[in-house]
Amino acid sequence: MDIAHRLLHARPRGSGPALVAGLRVLLWWLGHGLALASRFSAAVRSQITRSLTVEISTDDGVARHWVFDSRRRLVSVRPGRAEAPDLAVRFTSSGQALRALTSPRAIDRIMGDLMHGAVRIEGSAMILVWFHGLTRKLVAVGRTGPRRRALPGAYLAHDPASNGAEKITIEPAVRQLDPRWTGAWNSRAKLWIVRGANGEPLREP
């Protein structure tokens, strides 16, 4: 990232051999980093719930694309443009791409460039947000949330002596819903966050 920033400061928005080379290195690193993380990182693997292809390319000849396999929860990376990507982010120059991709506010930067004609987006912008989140699992660039900590006074176990305990219904723990609860199963089928977390196929939005 430091190398990319230095190249960017030298020629912020243009093209040239140094910027082209810098972008190639950045995309190679992101590509193989995600491919490796999809084999060993549970946090990355849990996000791969759809099979799709993402491409990042520039008008001055730099291109790379990622193929996500939801069945195996794996990522493969290939040089060049994809034949039919689900999302393609195409910058006018390598300098513009470096400026956006290394920014702590990459999504905001890309949307601003989109309004000024410096980038073209083909496909769903929601895939871009998702892909950006995956890259930030490799390197935390930009703002991060506060560290998680347990809230004080958490109700961790049933206490019959506490106020309002008489209104809490205690049911035995089960591993899955009772097959006879058809209404509950129908409601579960509508919860994408539950189905995705269990590796079930999801329809297109």
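Keep in mind the model is a prediction, meaning the values are calculated, not measured. (Residues numbered from 1 in each chain as written. Predicted model: local features only at pLDDT ≥ 70, side-chain atom pairs only at ≥ 80, totals over all residues. Heavy atoms only, no water.)

S.K.: I'd like a description of the overall build of the protein, backed by residues and values.
M.R.: Counting its regular elements, the protein contains eight helices and five strands. In the protein, which comprises 205 residues, the proportion classed as buried is 35%. Sequence separation of 24 or more characterises 60% of the internal contacts of the protein that already satisfy a separation of 6 or more. Of the accessible surface of the protein, which amounts to about 13600 Å², a share of 56% is contributed by carbon and sulfur atoms. (Helix = DSSP H or I, 4+ residues; strand = E, 2+ residues; numbered from the N terminus. Buried < 20%, exposed > 50% of the residue type's maximum accessible area, 1.4 Å probe, protein only. Contact = heavy atoms within 4.5 Å. Areas by Shrake-Rupley, 256 points an atom, 1.4 Å probe, with all protein chains shown as cover.)

S.K.: Summarise the packing of aromatic side chains; cite the residues concerned and give the values.
M.R.: Taken as a whole and judged by the stated rule, the model has three aromatic pairs. Relative to Trp 130, the ring of Phe 68 has its centre 4.9 Å away and its plane inclined at 65 degrees; by these criteria the two rings are edge-to-face. Of this pair, Phe 68 sits in strand β2 (residues 63-69) while Trp 130 is found in helix α6 (residues 125-135), placing the two residues 62 residues apart along the sequence. Using a relative accessible area of 1% as the deciding quantity, one classes Phe 68 as buried. Through a chain of ring-to-ring contacts, the aromatic side chains of Trp 66, Phe 68, Trp 130 and Phe 131 assemble into a single cluster. (Phe/Tyr/Trp six-rings, centres within 6.5 Å; stacked < 30°, edge-to-face > 60°.)

S.K.: Can you break down the nonpolar core residue by residue, with the values?
M.R.: Counting residues in each nonpolar core, the largest one holds 33 residues, and the members touching the most others are Leu 23, Trp 66, Phe 68 and Phe 91. Top element by residues in this core is helix α2 (residues 17-40). It accounts for eight residues. Those residues in contact with Phe 91 that lie beyond four places of it in its chain are Ile 56, Ser 57, Thr 58, Asp 59, Gln 96, Ala 97, Ala 100, Leu 101, Ile 110, Ala 118 and Val 119. (Core = buried A, V, L, I, M, F, W, Y, C linked by side-chain atoms within 4.5 Å.)

S.K.: Can you break down the pattern of salt bridges residue by residue, with the values?
M.R.: With the rule as written, the count across this model stands at eight salt bridges. For Asp 69, the salt bridge is made with Arg 72, and the minimal N-O distance between the two is 2.9 Å. Through salt bridges with shared partners, a single network forms among Glu 55, Arg 81, Arg 90 and Glu 122. (Salt bridge = Lys/Arg side-chain N within 4 Å of Asp/Glu carboxyl O.)

S.K.: Any chance you could break down the sheet that holds strand β3 (residues 74-79) for me, citing the residues and the numbers?
M.R.: Taken in spatial order, the five strands of this open sheet run β3-β2-β1-β4-β5, and their pairing is mixed. Two strands in the sheet have a free side with no partner beyond their single neighbour: β3 and β5 (119-123). This sheet shows a mean twist of 10 degrees between the axes of neighbouring strands, independent of strand direction. Strand direction decides the pairing type here: strand β4 (residues 87-91) and β5, joined by five bridges, are antiparallel. Along β5, the bridge assignment pairs Arg 90 with Arg 120. This element, helix α4 (residues 94-101), spans β1 (52-58) and β4 of the sheet and lies at about 120 degrees to β4. (Pairing = 2+ DSSP bridges. Axes fitted to C-alpha atoms, helices over the stretch in contact; angles between N-to-C directions.)

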